[in-house]
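# Analysis of the macromolecular model
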Amino acid sequence: MHTLGYIDPELASAIDGELRRQDNTIELIASENIVPPVILEVQGSILTNKYAEGYPGHRYHGGCEYMDAVESLAIERAKRLFGAEHANVQPHSGVNANLAVFVAMLKPGDVILGMDLKQGGHLSHGSAVNVSGKYYQTFAYGLDPRTERIDYDQVRDLAMRHRPRLLIAGASAYPRVIDFARFREIADEAGSLLLVDMAHIAGLVAGGAHPSPVPYADFVTSTTTKTLRGARGGFILCRAEYAKAIDSAIFPGIQGGPIMQNVAAKALTFKLAATAEFRAYAAQIVRNAQAMAARFQERGLRLVTGGTDNHLMLLDLRDLADRGVTGHSAEQALAEVGIAVNKNLIPGDPQKPTVTSGVRIGAAAITSRGFKEDEAAAVADIIADILLTPSDATSERARRVVRDLCKKHAIYQS
Ligand SMILES: *Cc1c(COP(=O)(O)O)cnc(C)c1O
């Protein structure tokens, strides 16, 4: 940082400010995490100097012997970690991983059936503003309004009616276990290929805290960020029969040279995720999320589905609407005391997406900092205080709790 501070003080100051922000914030945005310093080291390595278009043993650039070693490690570790037949570790992001599956298996105009963005799905699963919704004919399934869980009967009805070429399972804001076996049955009955996008839960799957989609899906896409706590980027797992189609869809289909420092950081991510420590981490994420969920409910706040099986939960703030509380206002009030969450639509939300009646809360990042159940519950308590009994005294107390917890669990000891 000293050199950067000299060459570009404005940029150095922004990065330094972000480090302090992260260190002083209780991060509950469910897609975020805090990677180990070795991941930062690899992502900042000299591998960034190298072009390596192609795949190990088949490159379009010379001098790739070490790049082949790096990428082969990432591929073999991903396959072993998840028990997959084939892995592509080059996608620059999770959305690119999904796009590669579409490019590999679909023609423009083919039918996709995915989870509704407004009910917890991801925009790359067929939303009109995304390429998935522009180039393909898309239909969306959602939640049973009574249970707020995926309505598998509706998934089946829509699949039988529209016969999608590709059925997509996976979500960004769903607090319950996804029944991959049920999705497989529906895909088989409708003659569809099954893609599972496990971006949010990949760390839980790797750590044995959520069932694996790999035995059921033709394709599994993911990010290495989020609960997997690693490199910024994506990857694809698939059955051997689709290996060639997937690899050519990534390169030369939608990408050029792989970002090799990130591919290397993915290799390290998969190694770390195969350890006993990581299994303990994944289990602790779920315990922390459930401790928070229990405390919210003790305080009289409602959770979508009444709880969580994974790393995240959705607070339903509709009961507080007459006091002017919305997802947006809650996000802002919590940001003021150093707690980061994001507003989120909840099932049947009367508010528009820029306001919402919900807040999404995830436990992956605080668990990485070393929070245990009692501290997770204490965080839930101060959130409940801010929402239920806002006052200057409440805010003052909340800031003090945040300061103490952040100091106790510094993100990077320098
Ligand atoms: C986060 C997420 C992605 C997108 O990953 P990016 O790396 O941001 O492109 C894709 N699918 C799901 C389900 C996600 O939650």
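Preceding this paragraph is the structure being described.
Keep in mind the model is a prediction, meaning the values are calculated, not measured. (Residues numbered from 1 in each chain as written. Predicted model: local features only at pLDDT ≥ 70, side-chain atom pairs only at ≥ 80, totals over all residues. Heavy atoms only, no water.)

## Some thoughts on the site of the ligand
- If you check the shell around the ligand, you find S93, G94, V95, H122, A171, S172, D197, A199, H200, T223 and K226 and nothing else.
- Between S172 and the ligand, the recorded distance is 2.8 Å, taken from a side-chain N or O atom to an oxygen atom.
- K226 has a polar side-chain atom sitting 2.7 Å from an oxygen atom of the ligand.
- Burial of the ligand by the protein chains amounts to 82% of its free accessible area of 380 Å².
- In this structure, the ligand is accommodated by the largest pocket.
- A breakdown of the residues in the shell around the ligand according to their chemical character gives three nonpolar, six polar and two charged. (Near = heavy atom within 4 Å. Polar contact = N/O pair within 3.5 Å; in protein donor to acceptor, adjacent residues only side chain to side chain. Areas by Shrake-Rupley, 256 points an atom, 1.4 Å probe, with all protein chains shown as cover. 1 Å grid on protein atoms, 1.4 Å probe; cavity = no way out; pocket = protein on both sides within 12 Å on 5 of 7 lines; lining within 4 Å. Sits in = over half its atoms within 2 Å of the grid points. Nonpolar A, V, L, I, M, F, W, Y, C, P; charged D, E, K, R; others polar.)

## Some details on helix α10 (residues 243-254)
- Between the first and last C-alpha of α10 there are 16 Å, a value that for twelve residues agrees with the 16 Å anticipated at 1.5 Å per step.
- By the burial criterion, the buried members of α10 are A243, I246, D247, A249, I250 and F251. Take α10 and look down its axis: the buried residues cluster within an arc of 155°, on one side only. Every exposed residue of α10 that faces more than 90 degrees away from the buried side is listed here: K244 and P252.
- Of the surrounding secondary structure, the elements contacted by the buried residues of α10 are β2 (54-55), β4 (86-88), α5 (94-105), β9 (219-223) and β10 (234-238). (Helix = DSSP H or I, 4+ residues; strand = E, 2+ residues; numbered from the N terminus. Expected span 1.5 Å × (residues − 1). Buried < 20%, exposed > 50% of the residue type's maximum accessible area, 1.4 Å probe, protein only. Arc of directions from axis to C-beta. Contact = heavy atoms within 4.5 Å.)

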